[in-house]
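Each chain is listed here by its residues.
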Amino acid sequence: MAESTSNPLHPPLPDGIVPEEVVIRTEKRWLMIMLAMLAVMLAVIVVSAIMGALHPASNVEVIDPTTLHLQGEFVESNLGTAVEPDGSVTVRIIAEQYEFVPRCLQVPVGTPVKFRITSADVIHGFLLPDTNVNTMVVPGFVAEVRTRFAKVGDYVMPCHEFCGLGHHGMWAHVRVVPREQVGKPLERVTCATQ
Ligand SMILES: [Cu+2]
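Residues numbered from 1 in each chain as written. Predicted model: local features only at pLDDT ≥ 70, side-chain atom pairs only at ≥ 80, totals over all residues. Heavy atoms only, no water.

Asks: Honestly, helix H1 (residues 20–51) in this entry has me stumped. Any pointers?
Replies: Three- or four-residue spacings in an α-helix give side chains the same orientation, since the helix completes a turn every 3.6 residues. Along its 32 residues, H1 runs 46 Å from first to last C-alpha, staying within 8% of the 46 Å computed at 1.5 Å per residue. Just past H1, the residue Ala 53 takes up positive phi, approximately 55 degrees. (Helix = DSSP H or I, 4+ residues; strand = E, 2+ residues; numbered from the N terminus. Expected span 1.5 Å × (residues − 1).)

Following this line, the structure appears as structure tokens:
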């Protein structure tokens, strides 16, 4: 075929050399495929964030990690689940090497729950599988996540940010219980069993 269309200005290419127009056409096709992949991946991120109600922190709240146990919102007596006067629930937690304090939390089903969590030492992660609760816990800052549990049950709560040699053992439990088990407004709640 090369002989039948031979042109002195365009001699046939040696074996193994791809003509320039074929290279350009192929590159354009791969460019389109790559752009389509990027668009799909971006769409997956946006759609899953919307469907999962994930959202970045709406505010920046600082706290002194060296005095958590001495004063303020995160003193030991103030940790755990607290029922607010409006019936919603606030859960305060400290993450530290290598445990969440308190280790077991009880929250009511079908009620707005606000987790407020901070770290006493290094960066930890707070994650409740199959919910929109997923945040980093950075020393010096208060992470706040709001959610509502649709059904009763137990959630295991792993630290999901590597925080040191004991990281793999840093687990806690969130126990979602019927509304009436959580108590009256301003009453503090603890797990019956750890
Ligand atoms: Cu950890």
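Asks: Where do I start with the sheet that holds strand E9 (residues 153–158) in this structure?
Replies: Consider a sheet: its strands pair through backbone hydrogen bonds, and that pairing is either parallel or antiparallel. The strand order E4-E10-E9 describes an open sheet built from 3 strands, whose pairing is mixed. Each edge of the sheet is formed by a strand with only one pairing partner; in this case those strands are strand E4 (104–108) and E9. Sheet twist, expressed as the average angle between the axes of neighbouring strands with direction ignored, equals 25 degrees. Summarising the sheet, E9 and strand E10 (residues 171–177) pair through 6 bridges and their orientation is antiparallel. By the bridge assignment for E10, Tyr 155 is matched with Val 174. (Pairing = 2+ DSSP bridges. Axes fitted to C-alpha atoms, helices over the stretch in contact; angles between N-to-C directions.)

Asks: Which parts of the structure should I look at to understand the nonpolar core?
Replies: Nonpolar side chains in soluble globular proteins tend to be buried together. Counting residues in each nonpolar core, the largest one holds 29 residues, and the members touching the most others are Phe 100, Phe 115, Phe 126, Phe 149 and Val 174. Elements that contribute at least two residues to this core include exactly strand E2 (89–96), E4, strand E5 (112–119), strand E8 (143–148), E9 and E10. In this structure, Phe 149 is in contact with Val 107, Val 109, Gly 110, Thr 111, Val 113, Phe 115, Leu 128, Thr 131, Tyr 155, Val 174 and Val 176, ignoring residues within four places of it in sequence. In terms of nonpolar packing, the next biggest core, distinct from the first, is built from 5 residues, Phe 74, Leu 79, Ile 94 and Val 142 among them. (Core = buried A, V, L, I, M, F, W, Y, C linked by side-chain atoms within 4.5 Å. Buried < 20%, exposed > 50% of the residue type's maximum accessible area, 1.4 Å probe, protein only. Contact = heavy atoms within 4.5 Å.)

Asks: Quick question: what am I supposed to make of the coordination of the copper ion here?
Replies: Six octahedral donors at a metal ideally form angles of 90 or 180 degrees, and four tetrahedral donors ideally form angles of 109.5 degrees. Looking at the metal site, the copper ion is ligated by Cys 159 (SG), Glu 161 (O), Cys 163 (SG) and His 167 (ND1), spaced 2.0 to 2.7 Å from it. Angles of 83 to 129 degrees at the metal separate the 4 donor atoms of the copper ion, which places the site in the irregular class. In primary-sequence terms, the residues that donate to the copper ion follow C-x1-E-x1-C-x3-H. (Donors = N, O, S within 2.8 Å, 3.2 Å for Na, K, Ca; no water. Tetrahedral: all angles 85-135°; square planar, octahedral: opposite > 155°, others 65-115°.)

Asks: Help me out: how do you make sense of the packing of aromatic side chains in this one?
Replies: Pairs of aromatic rings are described using the distance from one ring centre to the other and the angle between the two planes. Per the counting criterion, the structure on display carries 4 aromatic pairs. With centroids separated by 6.4 Å and ring planes inclined at 90 degrees, the aromatic side chains of Phe 115 and Phe 149 adopt a geometry described as edge-to-face. Remark: Phe 149 occurs in the loop between E8 and E9 and Phe 115 occurs in strand E5; sequence separation between them is 34 residues. Exposure class is identical for Phe 115 and Phe 149. Each is buried. An aromatic cluster of three or more residues is present, and its members are Phe 100, Phe 115, Phe 126, Phe 149 and Tyr 155. (Phe/Tyr/Trp six-rings, centres within 6.5 Å; stacked < 30°, edge-to-face > 60°.)

Asks: Can you walk me through the environment of Ala 172 in this structure?
Replies: Among the secondary structure elements, Ala 172 is positioned in strand E10. In this structure the C-alpha to C-alpha distance between Ala 172 and Leu 105, which are 67 residues apart in sequence, comes to 8.1 Å. Setting aside chain neighbours within four positions, we find Ala 172 in contact with Phe 100, Arg 103, Tyr 155, Val 156 and Met 157.

Asks: Mind showing me how you'd approach the pattern of salt bridges here?
Replies: Two side chains with opposite charge may pair up if their charged atoms get near one another. Enumeration over the complete set of coordinates arrives at 6 salt bridges. One salt bridge in this structure joins Glu 144 and Arg 116, with 2.5 Å as the shortest N-O distance. Note that Glu 144 is positioned in strand E8 and Arg 116 in strand E5, a separation of 28 residues in sequence. Given the relative accessible area of 22%, Glu 144 is considered partly exposed. Residues Arg 146 and Glu 144 are paired through a salt bridge, measuring 2.9 Å at the closest nitrogen-oxygen approach. The network of salt bridges with common partners includes Glu 61, Glu 73, Arg 92, Arg 116, Glu 144 and Arg 146. (Salt bridge = Lys/Arg side-chain N within 4 Å of Asp/Glu carboxyl O.)

What is shown is where atoms sit, not what they do.
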